[in-house]
Amino acid sequence: MFKWEKLGKMFDPSTVRDRPWMKEFSQAPSVVVMDQVVRVYFACRPPPDAQGNYVSLSAYADFRRDNLLELVGVSEQPLLELGGLGTFDEFGAYFTSVVARDDDVMAYYVGYTRCESVPFTINIGAAVSRDGGNTFSRLGQGPLLPCTPNEPFFLTTPRVRKFGARWHMWYSAGKRWVETGRRAEPVYHIRMATSDDGVHWVKEDRDLVECVIGDNECQACPDVFEFGGKYHMLFCYRAHENYHGKDGGYKLGYAVSNDLLHWERDDSKAGLSVSEEGWDSEMVCFPHVFALDGEIYLLYLGNQMGRHGFGLARMNIQ
């Protein structure tokens, strides 16, 4: 099993005083290791509008390679403007996976638009950087991975990895909306698509990870890495309602595979849970694993799905 040693909170958006568009949240952290720094891409939010509605933007923060808790720079502007009127990303362009692709850097992101009968719909978009990950432009106005007849509601939280010559995207697909009395709440499960070039994708078209708390379990942000001759998936899960606070908040799940297609779940091997108190005492979620200078690290969100920043942990093998 894995055991992750918590090293502390790595970044808190509230400490950045001159970026009003980065007032709250630093969600879905994703790492690109550079020569001098480790760059963490994440999603953030300016203050809500008069009706209480948020939009989501994307940013990065740079940290010293030899001291990952030392912040050395933050992007000056959002990395991608919101989409235009009626587009799938009109109200959110939310980076969740940023990876090097040949001479470019690809960003796979969640695009939000608002709805009437349910709170939102989401599809997966892509943007490309040709200057080393400093600025990005969309591949087009439409989504890279859209809803389909078998995935009719929404697609979200893509994580992309390249194993061998093939690209793999793990994401969550909406299964249904459930009326709870307060508002409609979504149910979503983990799926996968593959690609030869990181742009054109073929969906596996089935759920990959079994549920452990009923069919309305919500599974998000699956991140897969190779270690010890096997493939390991960390993800987060919760019930579809009453998911705020320590009892109902996101927890880390774990599954293992020999072939990237068939997964055996055993959450006891995830190796990271909530703290007794503080910023990650109610939930841990949105995991991202990266290797650096002979060590393996984990980024994760804490309470309120990253409202107060993301933390850093280091792998200890047991």
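Whatever comes next refers back to the structure up there.
Keep in mind that this is a model prediction, so the values were computed, not measured.

Asks: Help me understand the overall build of the protein chain in this model?
Replies: Of the regular secondary structure elements, the protein chain holds one helix and 20 strands. Its C-alpha atoms give the protein chain a radius of gyration of 18 Å, near enough to 20 Å, the size a compact globule of 318 residues would have. Residues classed as buried in the protein chain amount to 57% of the 318 residues present. When the accessible area of the protein chain is evaluated, it comes to approximately 13,600 Å², of which 47% is carbon and sulfur surface. Counting 33 positive and 43 negative side-chain charges, the protein chain places the centres of these two groups 1 Å from one another.

Asks: How do you make sense of the pattern of salt bridges when you look at a structure like this?
Replies: Any two side chains of opposite charge can pair, so long as their charged atoms come close to each other. This structure, assessed with the given rule, holds 23 salt bridges. Put simply, Glu185 and Arg183 hold a salt bridge, and the shortest N to O gap is 3.3 Å. In this structure, Glu217 and Arg265 form a salt bridge, with 2.6 Å as the shortest nitrogen-oxygen distance. Residue Glu217 is found in the loop between β13 (201-203) and β14 (218-227), and its partner Arg265 is found in strand β17 (residues 264-265); the two are separated by 48 residues along the sequence. By relative accessible area, which is 10% here, Arg265 ends up buried. Several salt bridges converge on common partners, so that one network encompasses Glu151, Lys175, Arg191, Lys203, Asp205 and Asp207.

Asks: Which parts of the structure should I look at to understand the sheet that holds β17?
Replies: Read from one edge to the other, the open sheet built from four strands follows the order β14-β15-β16-β17, with strand pairing classed as antiparallel. At either end of the open sheet lies a strand with only one pairing partner, and these are β14 and β17. When strand β15 (residues 230-238) meets strand β16 (residues 251-257), the two strands line up antiparallel, connected through seven bridges. Paired with Cys236 across the bridge in β16 is Leu252.

Asks: What is the right way to look at the side chain of Ser97 in this model?
Replies: Examined against the element boundaries, Ser97 turns out to sit in strand β6 (residues 92-101). Engagement of the side chain of Ser97 in a polar contact is seen with the backbone nitrogen of Val160, the distance being 2.9 Å. Once residues lying within four places of it in the same chain are set aside, the contact partners of Ser97 are Ser30, Met106, Ala107, Tyr108, Pro158, Arg159 and Val160.

Asks: Just checking my understanding: could you explain the nonpolar core for this structure?
Replies: General note: in soluble globular proteins, nonpolar side chains tend to be found buried as a group. In this structure, Trp4, Phe11, Met22, Phe286, Phe290 and Phe310 are the most contacted members of the largest nonpolar core, which totals 56 residues. Considering every element that reaches this core, the biggest residue donor is strand β19 (residues 295-301), with six residues. The contact partners of Met22, leaving out residues within four places of it in the chain, are Phe11, Pro13, Val16, Phe42, Cys44, Arg45, Ala59, Val74 and Ser75.

Asks: In this structure, what is going on with the sheet that holds strand β7 (residues 104-114)? I would like to understand it.
Replies: To summarise the sheet geometry, strands pair through backbone hydrogen bonds and adopt either a parallel or an antiparallel arrangement. Reading across from one edge, β6-β7-β8-β9 is the order of the four strands in this open sheet, with antiparallel pairing throughout. Across the chains shown, the open sheet's two edge strands, defined by having one partner strand only, are β6 and β9 (137-138). As defined by bridge partners, strand β8 (residues 120-129) adjoins β9 across two bridges and the pair is classed as antiparallel. By the bridge assignment for β9, Val128 is matched with Ser137.

Asks: Before we go on, may I ask you to explain the packing of aromatic side chains in this structure?
Replies: The description of an aromatic ring pair uses the distance of the two centres, along with the angle that the planes make with each other. This structure, assessed with the given rule, holds 29 aromatic pairs. Arranged with centres 5.1 Å apart and planes meeting at 75°, the rings of Phe95 and Phe136 form a pair that is edge-to-face. On the criterion of sequence distance, the pair formed by Phe95 in strand β6 and Phe136 in the loop between β8 and β9 is long-range, its members being 41 residues apart. Each of the two residues, Phe95 as well as Phe136, counts as buried. Geometrically, the ring pair formed by Phe163 and Tyr231 is edge-to-face, given 5.1 Å between the ring centres and 70° between the ring planes. Residue Phe163 is located in strand β10 (residues 155-163), and its partner Tyr231 is located in strand β15; the two are separated by 68 residues in the primary sequence. Each member of the pair Phe163 and Tyr231 is classed as buried. Three or more aromatic residues link up through ring pairs in this structure, and these residues are Tyr41, Tyr60, Phe88, Phe95, Tyr109 and Phe136. Arg45 extends its terminal NZ or CZ atom over the ring of Tyr54, reaching a point 4.9 Å from the ring centre. Of note, Arg265 hangs over the ring of Tyr237, and the distance from its end group to the ring centre comes to 4.6 Å.

What counts as what
Residue numbers run consecutively from 1 along every chain, following the written order of its sequence. Per-residue local features of the predicted model are confined to residues with pLDDT of at least 70, and side-chain atom pairs are confined, for both listing and counting, to 80 or more; whole-chain, interface and lining totals are unaffected and use all residues. As a rule here, side-chain values cover all heavy atoms of the structure and leave hydrogens and water aside. Runs of E in the DSSP output that reach at least two residues are strands. Runs of H or I that reach at least four are helices, and both are numbered from the N terminus. C-alpha atoms define the radius of gyration in this analysis, and the globule rule sets the expected value at 2.2 Å times the number of residues to the power 0.38. Accessibility here uses a 1.4 Å probe with only protein chains present; expressed as a share of the type maximum, an area under 20% marks a residue as buried, one over 50% as exposed, and anything in between as partly exposed. Areas reported here follow the Shrake-Rupley algorithm with a probe of radius 1.4 Å; residue values treat only the protein chains shown as occluding. Positive charge is attributed to Lys and Arg, negative charge to Asp and Glu, and no charge count is given to His or to the chain ends. Note that the charge is assigned to NZ on lysines, CZ on arginines, CG on aspartates and CD on glutamates. Just to be clear on terms, a salt bridge is a Lys or Arg side-chain nitrogen sitting within 4 Å of an Asp or Glu carboxyl oxygen. Strands qualify as paired when DSSP identifies two bridges or more between them. Contacts described as polar in this section are N or O atom pairs within 3.5 Å, which, within protein, must combine one atom able to donate a hydrogen with one able to accept it, while residues neighboring in sequence count only if both atoms come from side chains. The contact criterion used is simple: two residues touch if any of their non-hydrogen atoms lie within 4.5 Å. For the purposes of this section, nonpolar cores are sets of buried Ala, Val, Leu, Ile, Met, Phe, Trp, Tyr and Cys residues that join through side-chain atoms within 4.5 Å. Planes of paired rings set the category: under 30 degrees apart is stacked, over 60 is edge-to-face and the rest tilted, where pairs are Phe, Tyr or Trp rings (Trp by its six-membered ring) whose centres lie within 6.5 Å. A ring has a charge above it when a Lys NZ or an Arg CZ is no more than 6 Å from the ring centre and no more than 35 degrees off the ring normal.

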